Amino acid sequence: MTALQPSTSPSKTLYDTDYVKWVTITVEQLRQEAYAQVDWVNLLDEIEDMARRERQALKSNLRILLLHLLKWQYPPSKRTRSWASSIIEHRERVYEVLEASPSLKPDLETVLSKAYPTAAKRAVTETMLPAKTFPDECPFTVAQIMDENFPPEMIQE
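Predicted, not measured: the structure shown is a model, and the values here were computed from it.

K.L.:
Sorry, what's going on with the overall build of the protein here?
P.N.:
Scanning the protein for helices and strands turns up 6 helices and 0 strands. Mapped in sequence order, the helices and strands of the protein form the string α-α-α-α-α-α. For 157 residues, the compact-globule estimate of 2.2 N^0.38 gives 15 Å, and the protein exceeds it by more than 25% at 22 Å. When its C-alpha atoms are laid out on the principal axes, the protein stretches across 60 × 40 × 30 Å. Carbon together with sulfur atoms contributes 55% to the accessible area of the protein, which is approximately 10600 Å² in total. Between the centroid of the 19 positive side chains of the protein and the centroid of its 23 negative side chains there is a distance of 8 Å.

K.L.:
Just to check I follow, could you spell out the packing of helix α3 (residues 40–73) against helix α5 (residues 108–127) for this structure?
P.N.:
Two quantities define a packed helix pair, namely the angle between the helix axes and the distance between the axes. In contact at an axis separation of 7 Å, α3 and α5 are set at 50 degrees when each is read in the N-to-C sense. It follows from the interaxial angle that α3 and α5 lie oblique. Of the two elements, α3 crosses α5, and the hand of that crossing is right-handed. For the contact of α3 with α5, the class distribution of residues is 14 nonpolar, 2 polar and 6 charged.

K.L.:
Explain the pattern of salt bridges here, please?
P.N.:
Here the idea is simple: oppositely charged side chains can pair when their charged atoms come close. Per the stated rule, a full pass over the model turns up 4 salt bridges. Where Asp-49 meets Arg-52, a salt bridge forms, and the shortest distance between an N and an O atom there is 2.3 Å. Separated by 3 residues within a single helix, Asp-49 and Arg-52 lie in helix α3, roughly one turn from each other. For Asp-49, a relative accessible area of 23% corresponds to the partly exposed category.

K.L.:
In this structure, what is going on with α5? I would like to understand it.
P.N.:
Each full turn of the α-helix corresponds to 3.6 residues, which orients residues three or four apart in the same direction. Under the 1.5 Å per step criterion, the end-to-end length of α5 is 27 Å for 20 residues, consistent within 8% with the ideal 28 Å. At Ala-115, α5 shows its largest bend, some 30 degrees, and a proline, Pro-117, comes one to four positions later. Turning to α5, its buried residues are Leu-108, Val-111, Leu-112, Ala-115, Tyr-116, Ala-119, Ala-120, Ala-123 and Thr-127. Buried residues along α5 sit against α3, α4 (81–100) and α6 (142–146). Residue Met-128 follows α5 closely and has a positive phi angle near 60 degrees.

What counts and how
- Residues numbered from 1 in each chain as written.
- Predicted model: local features only at pLDDT ≥ 70, side-chain atom pairs only at ≥ 80, totals over all residues.
- Heavy atoms only, no water.
- Helix = DSSP H or I, 4+ residues; strand = E, 2+ residues; numbered from the N terminus.
- Rg over C-alpha atoms; globule rule 2.2 N^0.38 Å.
- Areas by Shrake-Rupley, 256 points an atom, 1.4 Å probe, with all protein chains shown as cover.
- Lys, Arg positive; Asp, Glu negative; His and termini not counted.
- Charge placed at Lys NZ, Arg CZ, Asp CG, Glu CD.
- Axes fitted to C-alpha atoms, helices over the stretch in contact; angles between N-to-C directions.
- Parallel < 35°, antiparallel > 145°, perpendicular 65-115°, else oblique.
- Left-handed = near helix turned anticlockwise from the far one by under 90°.
- Nonpolar A, V, L, I, M, F, W, Y, C, P; charged D, E, K, R; others polar.
- Salt bridge = Lys/Arg side-chain N within 4 Å of Asp/Glu carboxyl O.
- Buried < 20%, exposed > 50% of the residue type's maximum accessible area, 1.4 Å probe, protein only.
- Expected span 1.5 Å × (residues − 1).
- Bend = angle between axes of the 7 residues up to and from the residue.
- Contact = heavy atoms within 4.5 Å.

In structure tokens form, the structure reads like this:
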């Protein structure tokens, strides 16, 4: 077999070789109630991955939102419109994740505490300010983070 030929290893499944086709076939099998033919191992993995991706999307968007809130607050003299825009955009993305998966709302405080340290480290790198500039603990409450009128100085009358 040359390097240009696709592998025909018997251990490869349709899931491994053509994901979209695997999804199409799996959906059709479920619709037809052909449960014995369903690739349950990979289907269950995919369902678990869906929940992980939602949690990761929440954490990722919170991290960026926190980063730009920190950059907005420290130091105020260097504020940019792009930071304000990012705050608005990533707050909206957090809202969208929570709207699609309301069961994540009780986890918001925990996800926030996990996202903050990375946001603070990135703020140090991006602003070139000393690490001590940024609080060790998140200085914003969940209510503030989710409030479209926060920070108030970002809102133009």
